[in-house]
Each structure stands twice: as structure tokens, then as C-alpha cells.
Amino acid sequence: MQTIQNKLYLGGISAEKLIEDYGSPLYVYEEETILDKFQTLHDCITYPHKRILYAIKTNPNLAIAKLLQSKKCGIDAVSPGEILLALHAGFSAEDILFTGNNMTDAEMDFAVKEKVLLNIDSLSRLEKFGKKYPNKSVCIRVNPNIVTQVHQHVITAGPKTKFGINHDQIEEVKKIVDQYNLNLIGVHSHIGSGILDPEKFLLAMEVTCEIAKKFDSLEFVDFGGGIGIAYKPEEKNIDLAEFGQKVSQYFEKFCQQYGKKLTLIIEPGRFLVGESGYLLTKVNTIKYNGARKFAGTDSGFNHLIRPTMYGSYHPTYNASNMQGEIEKVDICGNICESGDLFARDREIPKIKEDDIVAISHSGAYGFAMASNYNLRPFPAEVIVQGGKAKLARKRQSINDLLASYGVRFD
Ligand code: LLP
């Protein structure tokens, strides 16, 4: 992003022009940021046998998937829908790992039919898989019991989580693997999302590797995603060079003990796409409630639920007045709930009606978690690069939305 003559520019185009061309509200992604992030992460891990799987749940936009596919990224998929989208984007079945939570028989059969490797996260599913598909290759997700300091909704390890096969159930895993002659080629863990303290990630890595040592047929160890991004001004990004070095050194040492050079896998989502994305929304109503000023927009938590759901802070700009006098304002949406706030008491250059507000760091879990709540259609998505914009998903029309409710206009 850039500021030119008091206006916000994304990928070389002003936010106001993007809204003029594509309408409001609008998701905008800067291609260069995604590519930079991918490259930085790829380069910081010096261990040579590595694989980055994009956690496609973060942002399943097809154009973004294709962009990452062109960089030889793989995919962490959590549903048949994500598998199908990834295959459509050009990923091959071997590029995809299916980490289904509370997987159904139908989902298991679907993944096997598509030749996608399953990452199984319960003893019960492992048993069902073994019974139906003896001798097949498989990966297991373990819970390494390392709890991170992240929002409680996104902690995925430790005693209170539904994820993974518990670290103390490995002997049972072995029994099932032996009974059905399964080829256990991978061990996986994912302890949580939004991690800005790499020590916990490294600790989880150690526990996961200890578990991995108990199996002699492995080809890879997958340490999941979770690398955070700094949303709040006082937050600091992880020192990636140091992180990459520590991860690489540890894994190198582990492989020596294991006696084979395994593939190191990580599954970032937020880190790759979070900072690339902006939700642009037009202010249509300025209102005062006592001294409190509300800037009412044409979007809402139906399009970006993170502030409402997790109390998340997103850096927010007045794209029409980047450097004006600062005031305190509540920036809200048009959804019929008081929790529909993008920002409370935000200090931002003065906002007036028809200004465009840009909610930054919205590329991860933004559109992906959007809904049609209040029967409002999804916004369009565009990708910008070098002064050019490409429509990456067209705006949902009210007719299309209502058609899915059985309403016909003909
Ligand atoms: N791998 C697995 C198995 C996951 O469950 C996730 C995210 C990832 C990788 C990618 O994690 P990341 O690198 O993005 O932290 N909606 C929440 C985040 C939910 C994360 C779900 N799992 C949010 O908006 O903060």
C-alpha cells in the first residue's frame, strides 16, 4: 500500500478508483505481498527437503490458489470442497494433504478416490481407515499438548481441544497401524493460529519429533501452520530469519537421529495472505450518539467477522483522507446487531460520508468466513499488481443469493 496525495493506493491503483470500477464493498489483494511472503518463508527455512502447504481455508479464492500453485506450493485441505477447489486450481493429488476433523466415511472415501493422502486425527477414524483400506499410506495428526498464548478459539493443542490423537495414545496408534499393515508416512501437529512467540512452536516441534521417532516408516513430519502477523501497533512479527534457522537446525538434528532425511512440512495460512488483503467499504452514514461518532459503512461482520468473533484489531485507514486531522470514531457495518463493529474508539483521519474505509490485514479469514447473514450478498474480490486490477471473484447478485433460498424472479 502507498499514500499518494492523501489517498490510499493498492497495487498502484487508488482505493477510490477500485470502488468506482468494482463497487463497494470490495476485497482487494495485493499480489506482490503474497509472493513476497511466500518467498521470505521459503527462503528462511534453510533445511533443503521442505514443503510449504498453503492452508487454503484461510482464503480459498481461486486466483490466489493458482498464484501459489505457480510457486510449487502444496495445499492443506480440510474438506472435500477444498480438495476439489485445489485440484481445479491445478494442484495435483500428491500436493494435497487432507486434514479432516470429525471426518465422515463419505469424506474418507472421497479423499481415497481422489488419491489424496489423509491426515487422521482420531483413533476411531484410523481404525475405520485401516479396516477399509489396509496396506495404504496414511498420516496421523497428534496433539503434542503444547498450549500457545493465542485466542482461545484457535488453540488446537492441549487438554481442552478436540484436535489430534493425544500424545499418550501412540501405542494404540501402533497397534492399529500393525493390525492393518498401514504405511504410516507422516506425523502432523498444529498447535494454534496467530503465534507470535516462536518458542511454543519450537517446543511443539520437539514433542512431535519425539512421537515421530516411534515410527520407522516416515517420509515427512508436518508442523502445521500458525505463524502470526502483527495486527496491533504494539505487536511484533516473528524474526523469520532466526525462526527459520532454529526450525532447520532442529529438524536436521532430528533427521540424523532418525537416520533418514525426511521432508519438513509447514502449513501457513495467515502468514501468506493476511497482510495482502483489504476490505474496502464506503461510509454512507455519519451519526452522533452523544459525543460518540459512528461511521456507518455498507459492509459488516457478514463480510469480516474477526473483530466481532475474536475481538480482533485490524489496522484501518480512511482511504479518502489518509493524512487528515485525527479524530476518534466507531466504525461499524449495516448488520442488525450492536456487535457489528469493525473498530471502537479508533483514532483515524476525519471520516465523512462517501469516504472509503480500508480495513487492512483482511486477506486471512476475511472473505473465507463471510456469510449471507441479513440476506446481504458477498462482495467482489480483486487482485491488484503494478497498476492493474483483475476481478478474482465476481460480486454475488441479490438474485443469485435469493435463488439459493428458492426465490425465482421469472
Ligand atoms: N493447519 C491446520 C491443520 C489448521 O487448522 C490451520 C488453521 C492452519 C494450518 C493454518 O493456520 P494459520 O497459519 O493461518 O494460523 N479463523 C481464525 C483462524 C482459524 C485457524 C484455523 N486453522 C482467525 O480468523 O483468526
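Undergrad: Summarise the overall build of the protein chain; cite the residues concerned and give the values.
TA: Scanning the protein chain for helices and strands turns up 12 helices and 21 strands. For 410 residues, the compact-globule estimate of 2.2 N^0.38 gives 22 Å, and the C-alpha radius of gyration of the protein chain, at 23 Å, lies within 12% of that figure. Reported as C-alpha extents along the three principal axes, the dimensions of the protein chain are approximately 65 × 55 × 40 Å. The 410 residues of the protein chain split such that 54% are buried. When contacts within the protein chain are restricted to residue pairs at least 6 apart in sequence, long-range pairs at least 24 apart make up 69% of them. The distance from the centre of the 48 positive side-chain charges to the centre of the 50 negative ones in the protein chain is 2 Å.

Undergrad: So what about the domain arrangement of the protein chain? Which residues, and what values?
TA: As assigned here, the protein chain comprises domain 1 (2–29 + 275–403) and domain 2 (31–273). Taking only C-alpha atoms into account, the centre of domain 1 sits 32 Å from that of domain 2. Each partner contributes to the interface: domain 1 provides 22 residues, whereas domain 2 provides 25 residues. When domain 1 packs against domain 2, close to 2000 Å² is buried across both sides, 54% of that on carbon and sulfur atoms. When the area that domain 1 buries against domain 2 is broken down by residue, the three leading residues are E275, Y313 and Y365, summing to 32%. Across the domain 1-domain 2 interface, the total number found is 2 salt bridges.

Undergrad: How would you explain the pairing of strand β19 (residues 356–359) if you had to name every residue and give the values?
TA: Burial of the side chains of β19 extends over both faces: I356 and A358 are buried on one face and V357 and I359 on the other. Across 3 bridges, the pairing between strand β16 (residues 316–318) and β19 is antiparallel. Of the residues in β19, the one forming a bridge with N318 is V357.

Undergrad: With reference to specific residues and values, describe the pairing of strand β4 (residues 26–30).
TA: Two faces belong to every sheet, and in a regular strand the side chains alternate between them. Among the 5 residues of β4, 5 are classified as buried, and the element is accordingly described as predominantly covered. Of the two faces of β4, both are covered, the one formed by L26, V28 and E30 as well as the one formed by Y27 and Y29. In this sheet, strand β20 (residues 380–385) lies alongside β4 in parallel orientation, the contact comprising 5 bridges. Residue V28 lies in a different strand from β20, and its bridge partner there is V382.

Undergrad: An account of the nonpolar core is needed here, citing residue identities and associated values.
TA: In terms of nonpolar packing, the biggest core is built from 104 residues, with F251 and F254 touching the most fellow members. With 8 residues, helix α9 (residues 240–258) is the largest single contributor of residues to this core. Not counting residues up to four positions away in its chain, the partners in contact with F251 are Y47, M205, C209, V221, F223, L262, T263 and L264. Counting residues in hydrophobic clusters, the runner-up holds 17 residues, among them L10, V28, A319 and I356.

Undergrad: Break down the packing of aromatic side chains for me, with residues and values.
TA: Each aromatic ring pair is summarised here by two numbers: the centre-to-centre distance and the angle between the ring planes. Tallied over the entire structure, the rule returns 10 aromatic pairs. Their ring planes at 20° and their centres at 6.1 Å tell us that Y27 and Y29 sit as a pair that is stacked. Like Y29, Y27 is buried. Centroid distance F201 to F243: 5.2 Å. Interplanar angle 65°. Geometry classified as edge-to-face. Taken together, the residues span a long stretch of sequence, with F201 in helix α8 (residues 198–212) and F243 in helix α9 at a distance of 42 residues. Take F201 and F243: they sit in the same class, and that class is buried. A connected cluster of aromatic rings, assembled from ring pairs, spans Y47, F223, F251, F254 and Y258. One cation-aromatic arrangement involves K37 over F271; the distance from NZ or CZ to the ring centre is 4.3 Å.

Undergrad: Describe the side chain of E31, naming the residues involved and giving the relevant values.
TA: Positionally, E31 belongs in helix α2 (residues 31–44). Discounting residues that sit within four places of it in the chain, E31 has contacts with L67, I383, V384, Q385 and K390.

Undergrad: Residue-level account of the site of the ligand, with values.
TA: S193, E267, R306, Y310 and Y365 are the nearest of the 18 residues found near the ligand. Interatomic distance of 2.8 Å between a backbone N/O atom of G226 and an oxygen atom of the ligand. Contact between the ligand and R306: an oxygen atom at 2.6 Å from a side-chain N or O atom of the residue. In the complex, 91% of the free accessible area of the ligand, which totals 590 Å², lies under the protein chains. Using a 2 Å cut-off from the grid points, one finds that the ligand occupies the largest pocket. When its residues are assigned to classes, the shell around the ligand shows 6 nonpolar, 6 polar and 6 charged. For the shell around the ligand, the two domains that each supply at least three residues are domain 1 (2–29 + 275–403) and domain 2 (31–273).

Undergrad: Run through the pattern of salt bridges, naming residues and quoting values.
TA: A complete count under the given rule lists 19 salt bridges for this structure. In this structure, the salt-bridge partner of E275 is K37, at a minimum N-O distance of 2.6 Å. Here the residue E275 occupies a position in the loop between α10 (270–273) and β14 (277–289), and K37 occupies one in helix α2, the gap between them amounting to 238 residues. K37 gets classed as buried once you look at its relative accessible area, which sits at 15%.

Undergrad: Provide a residue-level description of the sheet that holds strand β3 (residues 13–14), including the pertinent values.
TA: If you walk across this open sheet you meet the 3 strands as β1-β2-β3, and the pairing is antiparallel. Here the strands that pair on one side only, and so sit at the sheet edges, are β1 (2–4) and β3. Where strand β2 (residues 7–10) and β3 come together, 2 bridges link them in antiparallel fashion. Following the sheet pairing, L10 is matched in β3 by I13.

What counts and what doesn't
Residues numbered from 1 in each chain as written. Predicted model: local features only at pLDDT ≥ 70, side-chain atom pairs only at ≥ 80, totals over all residues. Heavy atoms only, no water. Helix = DSSP H or I, 4+ residues; strand = E, 2+ residues; numbered from the N terminus. Rg over C-alpha atoms; globule rule 2.2 N^0.38 Å. Buried < 20%, exposed > 50% of the residue type's maximum accessible area, 1.4 Å probe, protein only. Contact = heavy atoms within 4.5 Å. Lys, Arg positive; Asp, Glu negative; His and termini not counted. Charge placed at Lys NZ, Arg CZ, Asp CG, Glu CD. Domains from an automatic or database assignment. Buried area = accessible area lost by both parts, 1.4 Å probe. Salt bridge = Lys/Arg side-chain N within 4 Å of Asp/Glu carboxyl O. Pairing = 2+ DSSP bridges. Core = buried A, V, L, I, M, F, W, Y, C linked by side-chain atoms within 4.5 Å. Phe/Tyr/Trp six-rings, centres within 6.5 Å; stacked < 30°, edge-to-face > 60°. Lys NZ or Arg CZ within 6 Å of the ring centre and 35° of its normal. Near = heavy atom within 4 Å. Polar contact = N/O pair within 3.5 Å; in protein donor to acceptor, adjacent residues only side chain to side chain. Areas by Shrake-Rupley, 256 points an atom, 1.4 Å probe, with all protein chains shown as cover. 1 Å grid on protein atoms, 1.4 Å probe; cavity = no way out; pocket = protein on both sides within 12 Å on 5 of 7 lines; lining within 4 Å. Sits in = over half its atoms within 2 Å of the grid points. Nonpolar A, V, L, I, M, F, W, Y, C, P; charged D, E, K, R; others polar.

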